[in-house]
Amino acid sequence: MEFSQLLSELQELRKDDRFFDMDIQELRMILIGQYSLNMPLPDLKRKIKSIAGSLNFCLTKRGSTKPNLSHLSKDLSLRLTLLFGLLHFAKMHGKQIQSIDLVVHCAFLAVNAKCMCKLYKSDHEEEEVRGDISQLQQKVKLLGPQIREISVRVLTALKSESISSVTFTLEKNRHRAAGIVYLHLDVLMQLLECYTTFTFQVQDQMLKLHKALRFLIVILAYNGNELPGGNSAQFDELRDKMKDRIRVVVIDVGIVICSLSVNEMKYGLAKETDLALIDLLKELQFVRESFSKMFPLPSSSSLSFPRTNELGFVEFLLENLKELTRSRANSIAFPIHKILAVQEDFLSLRSCLEKIAEQRNQNQAIQTFWSHVVEVAYKAEVIIDSALVGDKHESCLDAIARDISILKVEAKEINDNNRNDGKALRATKTFIHMPSQVTAQPSHEDLVGRDDEVKIIINRLKRGSMQLDIIPIWGMPGLGKTTLANKVYCDPSIEFHFYIRAWCCVSQVYSMRSLLLQILHGTGFKSSNQSLEMSDDDLEEKLRKVLRRNKYLIVLDDLWDIEAWNLLKRSLPDDANGSRILFTSRFENFSSQIKQDSKPHHLRLLTDEESWQLLQNKLFGKEVCPPTLSKVGLRIANNCRGLPLTIILIGGILATTERDCAIWEEVAKSLSSGNVPDTERWMKTLELSYSHLPDYLKPCLLYFSAFQEDRDISVQRLLWLWISEGFVQKSEGKSFKDVADEYLMDLTARSLVMVTKERTMGGAKACRLHDLVHEFCVVKAKEESFLQIFHGDDVVTYTGLSNPYRLFIYSMKSSTLEELKLFLPNLRSLLFFVDYDGIHHKLDLSPHGFLLPRLLRVLDLRKLFLGEDFPMELVSLVHLRYMAIRGHIEHIPSAIANLSKLESFLLKGSCANVVLPNTIWNIKTLQHLRTSSFYGFIFPFDNLEVCPDLNNLDTLSLAVDPHSQNLQKILKKLPSIRRLKCVGDKSGESTANCNKILTLSYLTRLESLNLDAFVGYEFEFPSSLKKLTLWSNLQPWSSISRIGKLPNLEVLKLYNQTFVGEKWEVEEGEFPDLRFLELSNLDIRRWTASSDNFSLLEKLVLHRCVKLEEVPSCLGESPFLEMIEVSSCGESTVNAIKQIQQEQMDMGNEALKIVY
């Protein structure tokens, strides 16, 4: 009898159309009587796979509609697949099954799995079969210990076979061996759902076991040549003894995992199981070490805490402890006095760290102490945060307290030593800043595309005030600041204009003496034995005398801090004779610190044409590039991204190779992938920039490494992430958003970040890093264990940090992600950057799919589709501060209130407005609630008078029926709102012809407002409003005067018949500060204004205003107008714009850009 026939007969024995309800012992007797043990396993394989496949398909398609049935189905599928795997594994060893019990249990599960599939496809409601489901759940639960016992018995029998009698060969069955390990990893993942309830020792063992099993699967399932540094021949050359050892390890994996139970893991493993687990981990480690010679892999570490801005992390921990003791004193798992003691101790240790911050890189003992404090702080964070998700092991906190006691003793010793050796320590610090050697004036290099900038700088040097003036040249490393300054310095007109010229290279390491000597050398002062004997004061006086009453030009190249200027300024007299200081720096803010009204010259990137010209000059001089190389050469130049330094470096590489197209293609390929050869100097320059950053900016910069190269990054999203990650420090009188903005501007001023798009209200909208800066950040982030980046192509070889702090996953379908079986219990941040196609794959967040770490603070699943229902797995992530998800979700469950720390909630993929529960009012930390562009969140309005205000809410997408008066009630409970999008009734039925006024003037902090489908409404806006966007309002043009009188309005966008009528007459004094105006899809025909309107307008956009004939002529007189965009408009509009352009040119504004 074949297995399919057996299943058919068993199904006939069912009592009804639902589940197979025969007792397992009765089934065993039937099988003994009717079924030969010599069953045809190939048919069994096909049948079991077919049943499991059907069950999984039903789960994917209809599991969300029948959740209880779904949970049972997943359990059945896992047990059925595991039993079949054991049957097949035994068959591969050449042995018929020695116990019919495996077949009995497999048959029982298979029949009920088939019934389950039919139930999914039937019209039965879950309520109708609840009793049957409960009965089967109980029976499957009772089968668990039996299945584990049978599995251990069978595997033990296989393990006892001698090598000579085993027909299973590792070379031919590696994938099958990997398959059985994978099945047991599935079982382990199910056990790990209760990870936080395990003892601390078991947690550590499970983490190591999970890591080791993933590695074992990697080396078994994939040919050696698919792994870095490996090849299949090396695997096949393993001795038979080693192969059998691996075979036994595979069996031991099954024995140990089948011996585990959740109850044991909660209270401590049985001695026999514990010893077996210890032995297994030793064997797995031996296998790993044996394979490390064939497949070089990164070392494994159970702890991988970041080493970036450690002092900032300690401060972040203290803030969290303070909040914990204040808001959850009655609910935390540890006694409150222990939490307070830890908080007090870390306050003391933080004070010590602040005192020794400057010494830690000079003294090994201090560095060791510093590292220990930070490590204990991270461990304390994990233990305390774990308590909030169910891990209540008080002994762990006691261990932390003991570590802190030891550290406090060490801290006292360090403080005592500092008091005794303060003078020596200060001397050591001074010694680090060794004087730079006198640097020769830089040699002349070819400048391409800089002629206009050379002229600008020369004019600034020669003209203007007779007082001593400062001209800064600012730009990122590699742009050619030094080259430009040298071009100006050597220009004949400059040589003629200034009596004395001197060049001084400052750099990061300098001394007052070296700076003075460099400048004196430029004035003609010859170094001699006499100068060696002169003090710094003598040299300062000497320079002052040389420069007095002479018109001089001093170039200070590569200025890193204001201190260098402070050292020199007393030596530079101002005799009102037109002397100048020209300096180059990657830091924009120095110019205002040196001279309040100085205007830095921002060096731009080269265009593609200029880049190609510079590369040709470097390679061919006055010769012409051979036609065979011009195409690939142009691509190489474009890949240099406009950075002259990169072009020069690549030109140097190409100059030393044959002029062969194939070689150039290799260079182009390596450059486009970011693997730029010979970038050591560039990386050293970036290392200097990084080391000079304040500690609080370092994590902000390294965070860029997580984002995809060559793609713009939303500044708004980036800043929200920085805040949720804890990078942004509190500042008196400023919001976290304002401080984060300052951080970004600081990084931009240091030329490490490029702003690629600006907001209409000013400020950065998008940014990115240059390729080489990004490459540096990736290397540095890995080096400091700051974050782990996981690419989809690495799925088979992922053996990186076993317990990373932050993980960013690229280009992976959700199905592949579920198969990866990642288990990262201490992970705090998880973000996905999946290709667009990935969002069509539904991600299973259950333990059988992708197990979410419960300590997550940041979670971004926007690129993975989560279905129609809000995943309930998310509400247990009580530490979440940032949550971004995608799905056709229309209701948010009340349990979201569990996320009491949530700051940002972003929902993408909505097909309708999203209903929030009444418990949303309890999440007091909420700052940002955003949904898809055309929809919003529907706030509950029952019992609003007793609901707490959301005082921190800054950004909101809101859907509301304005006619019901609920809008006013809701908004009054959001006093801090700054950015608001309101979606009204798009049908227009509830608001048509209402002629009402919505008062929003009480929103005194509101800066940006977007109103959609408030048909027939007028508004009273707050005077704080800076940006206003209106859609489909259908109001007459006369009502726009309310908007025109807003004193701070800078941006106005009017779309889709927001105002109706053919004529818009702007009244006197309206729109005095407007800088950006967009009119789209309006029926306006005539638009008139006077000279006092739009006087500050910088950009005008006209789109699909097909009837527009008249545009205000006063726009031709606007002194700030920079751009006009016109699209899908009539000829009359185009002619009017041309007239404005002519008037602007007559005024001398030839830079006005017209885009048609």
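Up top is the structure.
As a convention, each chain's residues are numbered from 1 in the sequence order in which they are written. Reporting in this predicted model follows two pLDDT cut-offs: at least 70 for local features of residues, and 80 or more for side-chain atom pairs to be given and counted; totals over whole chains, interfaces and linings ignore these cut-offs and use all residues. Side-chain descriptors were evaluated using all non-hydrogen atoms of the structure, hydrogens and water having been removed beforehand.

In this section: helix α32 (residues 715–725). Residues three or four positions apart in an α-helix share a direction because the helix packs 3.6 residues into each turn. Partly exposed residues are those whose accessible area sits between 20% and 50% of the maximum for their type, while under 20% is buried and over 50% is exposed, using a 1.4 Å probe and protein chains only. Counting from the N terminus, the helices are DSSP H or I runs at least four residues long and the strands are E runs at least two residues long. Buried residues dominate α32, accounting for 11 of its 11 residues. Along α32, the residues classified as buried are V715, Q716, R717, L718, L719, W720, L721, W722, I723, S724 and E725. Positive backbone phi, approximately 90°, marks G726, located one or two places after α32.

Let's shift gears to the pattern of salt bridges. Salt bridges are defined as contacts in which a side-chain nitrogen from Lys or Arg sits within 4 Å of a carboxyl oxygen from Asp or Glu. Inspection of the entire model under this criterion finds 39 salt bridges. Between E375 and K379 there is a salt bridge, and its shortest N-O distance comes to 3.3 Å. Here E375 and its partner K379 are both found in helix α15 (residues 364–387), 4 residues apart, which amounts to about one turn of the helix. The partner of R881 in a salt bridge is E903, and the shortest N-O contact between them spans 3.5 Å. Placement of R881 in the loop between β12 (858–865) and β13 (882–886) and of E903 in the loop between β13 and β14 (904–908) is noted, with a sequence separation of 22 residues between them. You can call E903 buried: its relative accessible area is 10%. Salt bridges sharing common partners tie together E381, D385, R828 and R857.

All right, on to the sheet that holds strand β8 (residues 764–768) then. Spatially, 3 strands are ordered β6-β8-β7 in an open sheet, and the strand pairing comes out antiparallel. The two strands at the open ends of the sheet, each matched to only one other strand, are β6 (713–714) and β7 (754–758). Strand pairing is assigned whenever DSSP detects at least two bridges linking the two strands. The pairing of β6 with β8 spans 2 bridges and is antiparallel. Across the sheet, I713 pairs through a bridge with C767, a residue of β8.

Next up on the list: the pairing of strand β4 (residues 580–585). Within β4, 6 of the 6 residues are buried, which leaves the element mostly enclosed by the surrounding structure. Here β4 shows two buried faces, one formed by R580, L582 and T584 and the other by I581, F583 and S585. In terms of strand pairing, strand β1 (residues 469–474) meets β4 through 6 bridges, oriented parallel. By the bridge assignment for β4, I473 is matched with T584. Of the pairings in the sheet, the one linking strand β3 (residues 552–559) to β4 comprises 4 bridges and is parallel in character. Directly across from L553, in β4, lies its bridge partner R580.

The subject of this paragraph is the sheet that holds strand β5 (residues 601–602). Reading across the sheet, the 5 strands line up as β2-β3-β4-β1-β5 and stay open at both edges, with parallel pairing between neighbours. Strands with a single pairing partner mark the edges of an open sheet, and in this sheet they are β2 (500–507) and β5. What makes two residues a contact is simply this: any of their non-hydrogen atoms within 4.5 Å. In this analysis an axis means a line fitted to C-alpha atoms, helices contributing only their contacting stretch, and an angle means the value between N-to-C directions, from 0 to 180 degrees. On top of the sheet, helix α19 (residues 481–489) reaches β1, β2, β3, β4 and β5; it is set at about 170° to β2, its chief contact. Of the strands in this sheet, β2 and β3 are in contact with helix α21 (residues 512–522), which crosses β2 at around 155°.

Moving on, we come to the environment of W1087. The topology assignment puts W1087 in strand β29 (residues 1086–1088). Given a relative accessible area of 0%, W1087 falls into the buried group. Sequence separation between W1087 and K1063 is 24 residues; the distance between their C-alpha atoms is 5.9 Å. Apart from the residues within four sequence positions on either side, W1087 is in contact with W1064, V1066, L1077, L1079, F1094, L1100, L1102, L1108, E1110, V1111, P1112 and L1115.

With that settled, consider the state of the cysteines. Here, two cysteine sulfur atoms that lie within 2.5 Å of each other are counted as a disulfide. Under the definition given, this model contains 0 disulfides. Free of any disulfide, C504 has its nearest neighbouring cysteine sulfur in C505, separated by 7.2 Å. When its relative accessible area of 0% is taken as the criterion, C504 is described as buried.

In this section: unusual backbone geometry. Trans is the common state for peptide bonds, and a negative phi is the common state for residues other than glycine. Phi at S785 is positive, roughly 55°, even though this residue is not glycine. Inspection of the secondary structure puts S785 in the loop between α34 (771–783) and β9 (788–791). At A1013, a residue that is not glycine, the phi angle is positive and equals roughly 65°. What makes A1013 buried here is its relative accessible area of 5%.

Like charges within 9 Å and nonpolar side chains (Val, Leu, Ile, Met, Phe, Trp, Tyr) within 5 Å are joined into patches, using only residues over 30% in relative accessible area that form no salt bridge. Shrake-Rupley sampling with a 1.4 Å probe provides the accessible areas, and residues are treated as covered by the protein chains on show and by no other component. This count recognises Lys and Arg as positive and Asp and Glu as negative, with His and chain-terminal groups excluded. Each charge is placed at NZ for Lys, CZ for Arg, CG for Asp and CD for Glu. A cluster of basic side chains, namely K542, K545, R548 and R549, defines a positive patch on the protein surface. Following the sequence through the fold, R548 ends up in the loop between α23 (536–547) and β3.

Next up on the list: the packing of helix α26 (residues 608–620) against helix α27 (residues 627–639). Running from N to C, α26 and α27 cross one another at 115°; their axes reach a closest spacing of 8 Å. Classified by the angle their axes make, α26 and α27 are roughly perpendicular. Helix-helix and strand crossings are classified by hand; for α26 and α27 the assignment is right-handed. Contacts from D608, S611, W612 and L615 of α26 reach α27 at S630, G633, L634, I636, A637 and N638. For the contact of α26 with α27, the class distribution of residues is 5 nonpolar, 4 polar and 1 charged. Comment on the angle field: the value is read as roughly parallel under 35 degrees, roughly antiparallel over 145, roughly perpendicular from 65 to 115, and oblique elsewhere. Here a crossing is taken to be left-handed if its near helix is turned anticlockwise relative to the far helix by less than a right angle, and right-handed if that turn runs clockwise. Residue classes follow a fixed rule: Ala, Val, Leu, Ile, Met, Phe, Trp, Tyr, Cys and Pro count as nonpolar, while Asp, Glu, Lys and Arg count as charged, and any other residue, Gly among them, counts as polar.

Turning our attention to helix α38 (residues 1131–1146). What a helix is expected to span follows from its residue count: subtract one and scale by 1.5 Å. In a regular helix each residue adds 1.5 Å, so 16 residues correspond to 22 Å; α38 covers 23 Å between its end C-alpha atoms and thus fits that length. Those residues of α38 lying buried are T1133, V1134, A1136, I1137, I1140 and Q1144. Projection of α38 onto a plane perpendicular to its axis shows the buried side chains occupying an angular sector of 160°, all on one side. In α38, the exposed positions that point more than 90 degrees away from the buried face belong to E1131 and D1146. Those residues of α38 that are buried are in contact with β30 (1099–1103), β31 (1123–1127) and β32 (1153–1155). Phi for G1148, located one or two positions after α38, is positive at around 100°. What the arc describes is the spread of directions from the helix axis to the C-beta atoms.

What follows deals with the packing of helix α18 (residues 451–462) against α19. A pair of packed helices is captured by two measures, namely the crossing angle of their axes and the spacing between those axes. Between α18 and α19, the least distance of the axes is 10 Å, while the angle of their chain directions is 55°. In this view, α18 runs oblique relative to α19, as classed from their interaxial angle. With respect to the hand of their crossing, α18 and α19 are arranged in right-handed fashion. Residue-level inspection shows E453, V454, I457, I458 and L461 of α18 in contact with α19, the latter providing L484, K487 and V488. In terms of residue class, the contact of α18 with α19 is built from 6 nonpolar, no polar and 2 charged.

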